[in-house]
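What the coordinates show
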Amino acid sequence: MSDHLDALGVWLQRRIARGEKASRISEGFVTASLVFCVGPLTILGSIQNGLTGDCQLLAVKSLLDAVASTAFAAALGFGVYLSALTVLIVQGPIAFGAWLLGSGLDQASIDAASAVGGILLLGVGLRLLEIRQVRIVDMLRALLLAPIFVHLLAALGAARG
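Scope of this entry: the structure provided in the associated data block. (Residues numbered from 1 in each chain as written. Predicted model: local features only at pLDDT ≥ 70, side-chain atom pairs only at ≥ 80, totals over all residues. Heavy atoms only, no water.)

**What to know about the side chain of Ser69**
Positionally, Ser69 belongs in helix α4 (residues 56–76). We classify Ser69 as buried; its relative accessible area is 14%. (Helix = DSSP H or I, 4+ residues; strand = E, 2+ residues; numbered from the N terminus. Buried < 20%, exposed > 50% of the residue type's maximum accessible area, 1.4 Å probe, protein only.)

Here it is in structure tokens:
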């Protein structure tokens, strides 16, 4: 999956950029997409919005993303602004899925997905600091698997008890 996001960034770079600034579009797109889509506020805000219609957490996330995008754009260029599409593609289905599931999501599932999001955010930090090139996009499926594992463990505990 990481290769697909990188390929999309390279494709956007070829379509939009000219000159020396072209090399940064893909990096800006991928980095900003990861930072804006992996954090706990992405999951919690989208779920809260889908379940209750309350957009307070998403508003806080939007403000934080706006400040971060300004700094990222100064360092990485125009590709950062293209990440808005990724945010729509990630947050939209989460909110829609939460709306469809209604109150079927329990707090433990939300907590598990948020914890995974926090850990993935650490990986993004390692990438940004150039300490290690963690393939965060490949780990995004853990956001879906964590709540499933919570339910399986709860079912095993209920079966034993």
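**Observations regarding the environment of Ser114**
Position of Ser114 among the secondary structure elements: in helix α6 (residues 107–128). On the basis of relative accessible area, Ser114 is assigned to the buried category, the value being 11%. With 70 residues separating them along the chain, Ser114 and Leu44 place their C-alpha atoms 6.9 Å apart. Look past the residues within four positions of Ser114 in its chain and what remains in contact with it is Pro40, Ile43 and Leu44. (Contact = heavy atoms within 4.5 Å.)

**Some details on the packing of helix α3 (residues 40–52) against helix α5 (residues 79–101)**
Packed helix pairs are characterised by how far apart their axes lie and by the angle those axes make with each other. Their axes nearest at 7 Å, the elements α3 and α5 cross at an angle of 45°. The orientation of α3 relative to α5 falls into the category oblique. As for how α3 packs across α5, the hand of that crossing is right-handed. Across the interface between the two elements, Thr42, Ile43, Ser46, Ile47, Asn49, Gly50 and Leu51 of α3 pack against Val90, Gln91, Ile94, Ala95, Ala98 and Trp99 of α5. (Axes fitted to C-alpha atoms, helices over the stretch in contact; angles between N-to-C directions. Parallel < 35°, antiparallel > 145°, perpendicular 65-115°, else oblique. Left-handed = near helix turned anticlockwise from the far one by under 90°.)

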